[in-house]
Structures are given as C-alpha cells and as structure tokens.
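# Chains, contacts and geometry: an overview
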Amino acid sequence: MRILLVQAFTALDLELVYPIGLSYLAAHLPERHHVEIFDVNLHREAADPYAVLAQKVREFRPDVVGISLRNIKVATPGVHSDDFEPQQRTVRIIRQEAPKAKIVAGGTAFSLYSELFMQKLPELDFGLWGEGEERFPLLIDNLDAPRKVPGLWFRHDGAPTYTGQPGKLDFAALKPYRKDLLPFAPYAESSFVSIGLQSKRGCALHCVHCSDTYLLGNAVRRRTPQAVVDEMQELREQWGVKQMFFCDQIFNIPVEHSIAICKEIVDRKLDIRWSAWFNEKAVTLPDELLRWLKAAGCGLLSFSPDHVDDRMLKNLDKNFRYKDLVYTYQAAKKYDMDVEYSFFLNAPGEDWRSLFSILKFVADAKMHCGPNFRLFTLLMMQPIRIYPHSRLHELAVETGLIDHDADLIEGKFWNPGGLQYAVAGIQATAQTLYKARQRYKTFTNAGAATL
Ligand code: B12
C-alpha cells in the first residue's frame, strides 16, 4: 500500500517540530508498504503551502493518508497564533486530491478532542486515539474491519463511533523512530528544541491542569539508558544532529534513570547539547544529577512550576514548594546552566498578592542568574488553557466557569474576575520587554543564545 503521513500545521509562528510521532509510526509499518512523510510546516514560507501539499498528494497517489494533528488553537492572545481553519483546509485538500484514499487522523490534538474532530471534519474516515505504533499497522490491515482496532473512531452509518480505550503499549519494546524520511537540517536551523527524542512516556505527577496523563497515563514507561543514548549517538553521528530536546513529560523522575543516561553520554564522549523539562522538587535535582547533566551537555534547565506561592502550588497539586523553586535558580547559577520557567497567571485561587509573587520571583531569578536566565520566561506567563479530561476542566464546570458541553477546541482559559485585566497588562508588558531585549541583543550581539 502507498501510505502518506502528513504533519499538519503546528503553531504557525513558532519553531518547526520534527514529527517524531509520525516517524515512530513509519518505523512500525511493515516494509511491504511504501511510506513517506510530508511536513506542511517545511513549506510555511512558500507562496501557497496548500498548493505544495496538493501537488504532493496528487503525485504520491496514496491509498492511505495518516494526518497528524498535533496543535489546535494554541493561541494565547498576543503570544502566538494557530487556528482550526488551517487544519480543516489541510484535510479538505487531501480529500480533494485523493478522493478514494482512506484518511486517518491521529496526534495529540486529535486525541484530546477526538469526537469533536470526527464531527467537525467529515472528510476523516478514521481517527486513532493515543499512541499509534501498534494500532496504526493493525488498522492498515483491517481497513474493512475497524471494530478489530481498539481506540479507533470510525463512521457507522455516518455517525462517529468509538471502539473503546486501548491498553498502554510497551514503550521499551518499540523500534527507534525512522530518521531517513525527512531532512533534519531545516529543523536544526529552526531552533534548539526542534529535534526531539524520548527516554520515557507517562508522568507520575498529578498537576491539576495537565492532560498528559490522560494521553499517556501515570505509569512512567522507560527505555534503557543504553537504548536512549544509542539513539542520541545515531542522531549525532549518522545524521549530524548536534542539539536535541527530550520530549519526556519530566526528565528527572526517576532520578537514577536520568543520571544513568547522562553517564552513558559522558562514557561515549558524545559531543552534543540538549535540554529537557525538569521537576522542581529539590530531591529530584540532587547535586549528583546536576553535575552529570553539566558533564553530559545539558545546556538548559526548563521548568514549568506554573506558580511560586505555596498556597497556589497546593491548589495546582504541585509536588514542590517555593523553597524548592529558589533552589532551582541557585542550582542553575552554580552549574552555569541556562534556566527558564513557565507560569500560569490567574490560576484557581489567585489574588493580587500571589500574582505579584510570580513577578517578584522572575525578578529575583533574573538578578541571581543574569544572562543564564532565559527571557523566554516572559512569553510563558499565560492564563491556563482548560484542556478536556483534566481535573481543571471538572473544576471549571463545577464552578460554572464554563458549560459542561463548552467547545474546548475554541480554547477556553481559566482567567476569571477583575484580575484578568492585570493579566492582560502583565502579558503586554512582558512581551514588550522580551521584544525590546531581542532588539537590543540584535544590536549588541551579546548573549543572544540565552534569550
Ligand atoms: C515535547 C512537547 C513539546 C516540545 C516538542 C519538541 C520536539 N522537538 O518534538 C516543544 C517544547 C517544542 C513544544 C512546544 C509547544 N507545545 Co508541546 N508538547 C510536547 C509533548 C509533551 C510531547 C510531544 C511529543 O513529542 N510526543 C512524542 C511523540 C512520539 O508522540 P506524538 O507526537 O503524540 O505521536 C504519537 C501519537 O500522538 C500518535 N500519532 C501522532 N500522529 C499521528 C498520526 C496518525 C495518522 C496516527 C494514527 C497516530 C498519530 O502516534 C504517535 C506515536 O505513538 C506534548 C504532550 C504529550 N503528552 O504528547 C505537548 C503538546 C503537543 N504541546 C502542546 C502545546 C500547546 C505546545 C506549545 C503551543 C506550547 C507553547 N505555549 O509554546 C508549543 C507549540 C510548538 C510548535 N512549534 O507548534 C499541547 C498541544 C495541545 C493543543 N492545544 O494543540 C500538548 C498536547 C501539551 C498540552 N496538553 O498542553 N511541545
């Protein structure tokens, strides 16, 4: 069969993202199929990216098109934009150019809003919820018997019908993702986080807003450190990738696993730079780990504490407190690593005092770390997007903030009351500061890498 895997538009004005999800799917399709990946984002600058897509579909003549819907409506006003319309147009063009092909959707945005997508995009024949490495090949073998595939949306008399939740797959048993189907160079040029890999799937934490545990579960499923570093070595030596990003929910839980990965990188003398998301609790960032991170080429500690005030951290069900957070920037300074944070403004229980404690923390961290503090933090201060299947969603419905049947694809935020005006002011000021600093750095060329 001829199978074309398409990555639909990701956030339109952010970095490119190498589609490792589709590359994993490609690795698990039997060799008898002819498989290609097409990333529309590589043609963002073309006069008409949709025309490039249409031509590709026409020429490829697919039997099946698998479309990855990763982002949807990620816009936070004024920060960056994305919309439903580009996704809709992409699916329509595929249907138009390949009227007989089966179109299968998947990806994180699809999985979060699967029923809505099946309703809003009648061109989709199928939609696969969750991780696809085992079940996408199963579907390819059972296009006429979709009920055999767990976690699948299909149409029964035109109505979207679901076969029921699948079990979790054995992540450690998967093959590495295919690296020969797309060039790495444009992604490497786009940003230092654009090329990803995974050491684990799932998250043991319970943050109130998060939908990752709905997508991947609370059990942390890991690969061996050797397998992870084999892949890093392959990326570096065979494909020339020097900078990579761990797409793990949290890199430093469990701590021993992350130390073992670092040791393996050091043992093999890999000349790479990489970064990841870290948990803030001081016991998950012991000195031993920090030393190994530094030695192994980790250049940035990226944190999503979401707040700094202990009462608010409790509301958000975070596993750390303010003193742990102070330790994170002290650790970054001590080991001369870049550090960045993301915060939620006007989260449940916010008052003026707690709101200003975030600003004070940002100022303290910047003062302490100087150029090691990435001003990207200023862009990552936003109200919380309410994701379906999260506890925050339940709370938003219980408290009457949104209707139980609100269309969350449209992007609903937890941003109630008078504080929303303060939030708008903080965001506008933070963005202006960020942009001013960018201009300043363009002129002086000082420390541009830390922005
Ligand atoms: C890592 C990550 C990032 C990294 C990516 C680094 C990299 N080089 O890849 C970075 C930091 C760049 C990032 C940025 C952003 N991200 Co992000 N990110 C993630 C995260 C945690 C993992 C994604 C990943 O790589 N997974 C690993 C691969 C293997 O899995 P996968 O892509 O999901 O693919 C599997 C399945 O989905 C499925 N599948 C995928 N495609 C298809 C297609 C078909 C046909 C089928 C059958 C199956 C299928 O099978 C695959 C294999 O199992 C997800 C959350 C999550 N749990 O997935 C959020 C997530 C995708 N990000 C999200 C967001 C909002 C963003 C940002 C907008 C954040 C911001 N405010 O800046 C930006 C947007 C970036 C952009 N340019 O578009 C949201 C998107 C939701 C939405 N509303 O659209 C998510 C879902 C998290 C969340 N709930 O908030 N992100």
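A brief structural summary. (Residues numbered from 1 in each chain as written. Predicted model: local features only at pLDDT ≥ 70, side-chain atom pairs only at ≥ 80, totals over all residues. Heavy atoms only, no water.)

Moving on to empty space enclosed by the protein. Enumeration according to the criterion identifies one cavity of 30 Å³ or more in this entry. A volume near 50 Å³ is recorded for the largest cavity. (1 Å grid on protein atoms, 1.4 Å probe; cavity = no way out; pocket = protein on both sides within 12 Å on 5 of 7 lines; lining within 4 Å. Points joined across faces, edges and corners; volume = space filled by probe spheres on them.)

Close contacts around the ligand come from 45 residues, with Glu15, Asn71, Ile72, Glu133 and Val193 the closest. Contacts to the ligand include Ile72, whose backbone N or O atom sits 2.6 Å from an oxygen atom. Between a nitrogen atom of the ligand and a main-chain N or O atom of Ser194, the distance comes to 3.1 Å. Mapped onto the shell around the ligand, the elements with two or more residues apiece are α1 (20–27), β3 (64–68), β4 (102–106) and α8 (212–216). For the shell around the ligand, the element with the most residues is α1, which contributes five residues. When grouped by side-chain class, the residues that make up the shell around the ligand number 22 nonpolar, 16 polar and seven charged. Split by domain, the residues of the shell around the ligand number at least three in each of domain 1 (2–162) and domain 2 (173–450). (Near = heavy atom within 4 Å. Polar contact = N/O pair within 3.5 Å; in protein donor to acceptor, adjacent residues only side chain to side chain. Helix = DSSP H or I, 4+ residues; strand = E, 2+ residues; numbered from the N terminus. Nonpolar A, V, L, I, M, F, W, Y, C, P; charged D, E, K, R; others polar. Domains from an automatic or database assignment.)

This part takes up the layout of surface pockets. By volume, the second largest pocket amounts to about 340 Å³. Here the lining of the second largest pocket takes four residues from helix α5 (residues 114–120), the largest share from any one element. Residue classes in the lining of the second largest pocket are distributed as nine nonpolar, five polar and three charged. Taken together, domain 1 (2–162) and domain 2 (173–450) each give at least three residues to the lining of the second largest pocket, which thus spans both.

This part covers the pattern of salt bridges. Evaluation of the coordinates by the stated rule reveals 24 salt bridges. Its salt-bridge partner being Arg32, residue Asp141 comes within 3.1 Å of it at the nearest N-O pair. Placement of the pair is Asp141 in helix α6 (residues 135–141) and Arg32 in the loop between α1 and β2 (34–39), with a sequence separation of 109 residues. For the salt bridge of Arg201 with Glu131, the shortest nitrogen-to-oxygen distance reads 2.8 Å. Pair noted here: Arg201 is in strand β9 (residues 200–201) and Glu131 is in the loop between β5 (126–128) and α6, with a separation of 70 residues, a long-range link. Since its relative accessible area comes to 5%, Arg201 is described here as buried. (Salt bridge = Lys/Arg side-chain N within 4 Å of Asp/Glu carboxyl O. Buried < 20%, exposed > 50% of the residue type's maximum accessible area, 1.4 Å probe, protein only.)

Our next topic: the environment of Trp153. Summarising the element assignment, Trp153 is placed in strand β6 (residues 152–156). Measuring from C-alpha to C-alpha, the distance between Trp153 and Val104 comes to 9.3 Å, with 49 residues separating the pair along the chain. When near neighbours in sequence (up to four residues on either side) are disregarded, Trp153 contacts Phe110, Ser114, Glu115, Met118, Asp125, Phe126, Gly127, Pro160, Thr161 and Tyr162. For Trp153, the side chain forms a polar contact with the side chain of Ser114, separated by 3.1 Å. (Contact = heavy atoms within 4.5 Å.)

Turning our eyes to something else, we now look at the packing of aromatic side chains. Counted according to the given criterion, the structure contains 24 aromatic pairs. Look at Tyr113 and Phe117: their rings are 6.5 Å apart centre to centre, the planes differ by 75°, and that puts the pair in the edge-to-face class. Considered together, Tyr113 and Phe117 belong to a single accessibility category, that of buried residues. An aromatic cluster is defined as three or more aromatic residues linked by ring pairs; in this entry it consists of Phe246, Phe251, Trp274, Phe278, Phe303, Tyr329, Tyr341, Phe343, Phe361 and Phe373. When the ring centre of Phe60 is taken as origin, the NZ or CZ atom of Arg2, which lies over that ring, is 4.5 Å away. Across the ring face of Tyr24, the terminal group of Arg201 is positioned such that the distance to the ring centre comes to 4.9 Å. (Phe/Tyr/Trp six-rings, centres within 6.5 Å; stacked < 30°, edge-to-face > 60°. Lys NZ or Arg CZ within 6 Å of the ring centre and 35° of its normal.)

Moving on, we come to the nonpolar core. Grouped together as the largest cluster of nonpolar side chains are 90 residues, with contacts concentrated most on Phe136, Met232, Trp274, Leu293 and Tyr341. Taken domain by domain, the makeup of this core includes at least three residues from each of domain 1 (2–162) and domain 2 (173–450). Beyond its immediate chain neighbours, meaning those up to four positions away, Tyr341 contacts Phe303, Pro305, Leu325, Thr328, Tyr329, Phe361, Ala365, Phe373, Thr377 and Met380. Formed by 47 residues, the second largest nonpolar core is a distinct cluster that contains Val57, Leu124, Trp153 and Ile409. (Core = buried A, V, L, I, M, F, W, Y, C linked by side-chain atoms within 4.5 Å.)

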